[in-house]
Amino acid sequence: MSRPPAIALIGTLDTKADEIGYVRDRLVALGAEPVVIDSGILGEPGIEADVTREEVAREAGYELERIQAAGSRGAAVELMVEGVRAVCLRLWLEGRIQGVLCLGGAEGALLGAAAMRALPVGVPKLIVSPSASGRRAFGPFVGESDVLVMHSVVDILGLNPIARSVFDNAAAAVAGMARDAGRPVSDLGGRSVGITMLGHTTPAVMRIRAALERAGHEPVVFHANGVGGPAMEKLAAAGALAGVIDYTLSEVANAMVGGLHATGPERLTVAGSHRLPQVVVPGCVDFFNQGAPDTVPEELRARKSYYHNPVATLVRLEREEMAELGRVVAGRLNGSRGPVRVLAPTRGFSMADVEGGDLWEPAADAAFLEALGSSLRPEIPLELVETHVNDPAFADLVAERFLALVPVSVAS
């Protein structure tokens, strides 16, 4: 008989003891083994923990008194986060937990989220919090990981019919996931290839995906929406990918002009720093993302734009911005320590960047290509192809260039 799954159960036992105790007992009834981790800081714990708050603090390199004297609630949480993350990562690496469940308000959920995001994709992770709805975004909880967030509906203070129903579902969900979970992504073989895509590059990426599958690779497509690119790069850094086709660089464009899909300065550098083979295409560099049409800032409304859907408007980058973006892309790729090829279409970077389209601006596109070509180091080949980003022949060429870097014999 297989061993019951062990679930790290994270909560502040000075304020959420009854609720954590209830969920602990539900997990036991469901055949799981809870490992209660106390992420509380100030008050006295109401129930016994398997990993005490003092132990959590020490795993962060501090005595609990040091964290309690941090000067503010936020500063104390920042220090305690390090300990919760370290505890869960250690327990996972030691094979002592197979899933993580956290109950908490804003700070409690952030403490649990930090631990979950340190674990590989595929490890069951669930947060129950009142902060899962309303004006708060899931970003601080989810990041680039596969954390599930369940709205507690009521605040986590006391047991009542609504709370019990939500907690019962959460316990059953994480126990079931841990019992029948997929394998963690860090255990994948060497045939997975990361590809970035948006709706405006979908036709080409679908064709590339099929070509890679025929060659024996396992393409993994990431939505380049400000999270997808970093998620791909996190997996690349973890050794889960054999290579990358970064076909859609809109996140870099967004970051340069403050768009909604912006990412940090490490975007487009991670694969190269880990020596992964990569083929790069400047798909969707012609625009940055804004919200619903009536929310676009006044200073942007004179620009060309594309109505993508009721909550998304694509705004055109201007010529000077495109030139700067070309230099930014080149600068990030110039740090690559692995093989890299750059292919760029000269007849448009997105579905709307086509002759007669809403975002068609050939002079701006040319400025990008000129800056990119003049700024790339000589060892990085740049192929300019007289076609559109979604042309089937261009997609086939991109697949061919990647397969030349990572043939099937290496992948299989």
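No experiment lies behind these values; they were computed from the predicted model shown. Here the residue numbering is sequential within each chain, running from 1 through the sequence in written order. Where totals are concerned, whole chains, interfaces and linings use all residues; where local detail is concerned, this predicted model gives features only for residues with pLDDT of at least 70, and gives and counts side-chain atom pairs only at 80 or more. To obtain the side-chain values, all non-hydrogen atoms of the structure were used and water was disregarded.

(A) Seen up close, the environment of leucine 325. Only runs of H or I of at least four residues qualify as helices and only runs of E of at least two qualify as strands under DSSP, and these elements are numbered from the N terminus. With respect to the helices and strands, the residue leucine 325 is situated in helix H12 (residues 319-333). Considered as a pair, leucine 325 and proline 184 are 141 residues apart in the sequence and their alpha carbons are 36 Å apart.

(B) Main features of helix H9 (residues 228-237). For the exposure calls, accessible area comes from a 1.4 Å probe over protein chains only, and a residue counts as buried if that area is under 20% of its type's maximum, exposed if over 50%, partly exposed in between. Counting buried residues in H9 gives eight out of 10 residues, a clear majority hidden from the surface. Turning to H9, its buried residues are Gly228, Gly229, Pro230, Ala231, Met232, Glu233, Leu235 and Ala236. Buried positions along H9 lie against strand E6 (192-197), strand E7 (218-223), strand E8 (243-248), helix H10 (250-257) and helix H11 (270-273). Within two residues after H9, glycine 239 carries a phi angle of roughly 80°, on the positive side. Contacts are assigned to residue pairs with any non-hydrogen atoms lying within 4.5 Å of each other.

(C) Structural detail: the sheet that holds strand E2 (residues 33-38). Strand order in this open sheet of five strands is E2-E1-E3-E4-E5, and the pairing throughout is parallel. For this open sheet the edge positions go to E2 and strand E5 (148-151), each flanked by a neighbour on one side alone. Direction aside, the axes of adjacent strands within the sheet are offset by 20° on average. When DSSP finds at least two bridges between two strands, those strands are taken to pair. Of the strand pairs in this sheet, strand E3 (residues 99-103) and strand E4 (residues 125-129) are connected by four bridges, and their pairing is parallel. The residue of E4 that forms the bridge with valine 100 is lysine 125. Lying on the sheet, helix H1 (residues 17-29) is in contact with strand E1 (6-11), E2 and E3; it crosses E1 at an angle near 170°. Throughout, an axis means a line fitted to C-alpha atoms (over the contacting stretch in the case of helices), and angles, computed between N-to-C directions, take values from 0 to 180 degrees.

(D) Focus on the nonpolar core. Among the nonpolar cores identified, the biggest contains 37 residues, and Ile10, Ile37, Met80 and Ile127 are the most heavily contacted of them. Listed by contribution, the elements that provide at least two residues to this core are E1, E2, helix H2 (53-59), helix H3 (64-68), helix H4 (73-93), E3, helix H5 (106-117) and helix H6 (139-142). Looking at which element gives the most residues to this core, the answer is H4, with 10 residues. When near neighbours in sequence (up to four residues on either side) are disregarded, isoleucine 10 contacts Ile20, Ile37, Ser39, Val84, Cys88, Val100, Leu101, Cys102, Leu103, Gly112 and Ala115. By nonpolar core is meant a set of buried Ala, Val, Leu, Ile, Met, Phe, Trp, Tyr and Cys residues that side-chain atoms within 4.5 Å join together. With 27 residues, the next largest nonpolar core counts Leu300, Val328, Leu372 and Leu376 among its residues.

(E) The arrangement of the packing of aromatic side chains in detail. Stacked, edge-to-face and tilted are the three classes for Phe, Tyr and Trp ring pairs, Trp counted by its six-membered ring, which pair at centre distances within 6.5 Å; planes under 30 degrees apart are stacked, over 60 edge-to-face, the rest tilted. Taken as a whole and assessed by the stated rule, the structure comprises three aromatic pairs. Between tyrosine 22 and phenylalanine 167, the ring centres sit 6.5 Å apart and the planes meet at 50°, which makes this aromatic pair tilted. Of the two residues, tyrosine 22 sits in helix H1 while phenylalanine 167 sits in helix H7 (residues 161-179), which places them 145 residues apart along the sequence. Here tyrosine 22 and phenylalanine 167 have matching classes, each one buried. The interplanar angle of 70° and the centroid separation of 5.6 Å between the aromatic rings of phenylalanine 349 and phenylalanine 368 together place this pair among those described as edge-to-face. Note that phenylalanine 349 is positioned in the loop between strand E13 (340-345) and helix H13 (362-375) and phenylalanine 368 in helix H13, a separation of 19 residues in sequence.

(F) A look at the pattern of salt bridges. Any carboxyl oxygen of Asp or Glu within 4 Å of a side-chain nitrogen of Lys or Arg constitutes a salt bridge here. Scanning the model with the defined rule gives 27 salt bridges in all. Two residues, arginine 53 and aspartate 14, come together in a salt bridge whose shortest N-O distance is 3.9 Å. Placement of arginine 53 in helix H2 and of aspartate 14 in the loop between E1 and H1 is noted, with a sequence separation of 39 residues between them. Residue class for arginine 53 comes out buried when judged on its relative accessible area of 3%. By relative accessible area, aspartate 14 is classed as partly exposed at 25%. Arginine 90 serves as the salt-bridge partner of glutamate 59, at 2.5 Å between the closest nitrogen and oxygen. Residue glutamate 59 is located in helix H2, and its partner arginine 90 is located in helix H4; the two are separated by 31 residues in the primary sequence. Owing to a relative accessible area of 27%, arginine 90 belongs among the partly exposed residues under this scheme. Each of Glu59, Arg90, Glu94 and Arg96 takes part in salt bridges that share partners, so that together they form one network.

(G) Structural context of the side chain of histidine 388. Mapped onto the elements of the fold, histidine 388 is located in the loop between strand E14 (382-385) and helix H14 (392-405). Exposure remark for histidine 388: the relative accessible area of 16% places this residue in the buried category. Within the structure, histidine 388 has its side chain in polar contact with the backbone oxygen of aspartate 353 (distance 3.4 Å). Leave out the neighbours within four places in its chain, and histidine 388 touches Pro345, Arg347, Gly348, Phe349, Ser350, Met351, Asp353, Val354 and Phe394. N or O atoms closer than or at 3.5 Å make up a polar contact, with two conditions inside protein: a donor-capable atom paired with an acceptor-capable one, and, for residues adjacent in sequence, both atoms drawn from side chains.

In short, geometric facts, not functional conclusions.
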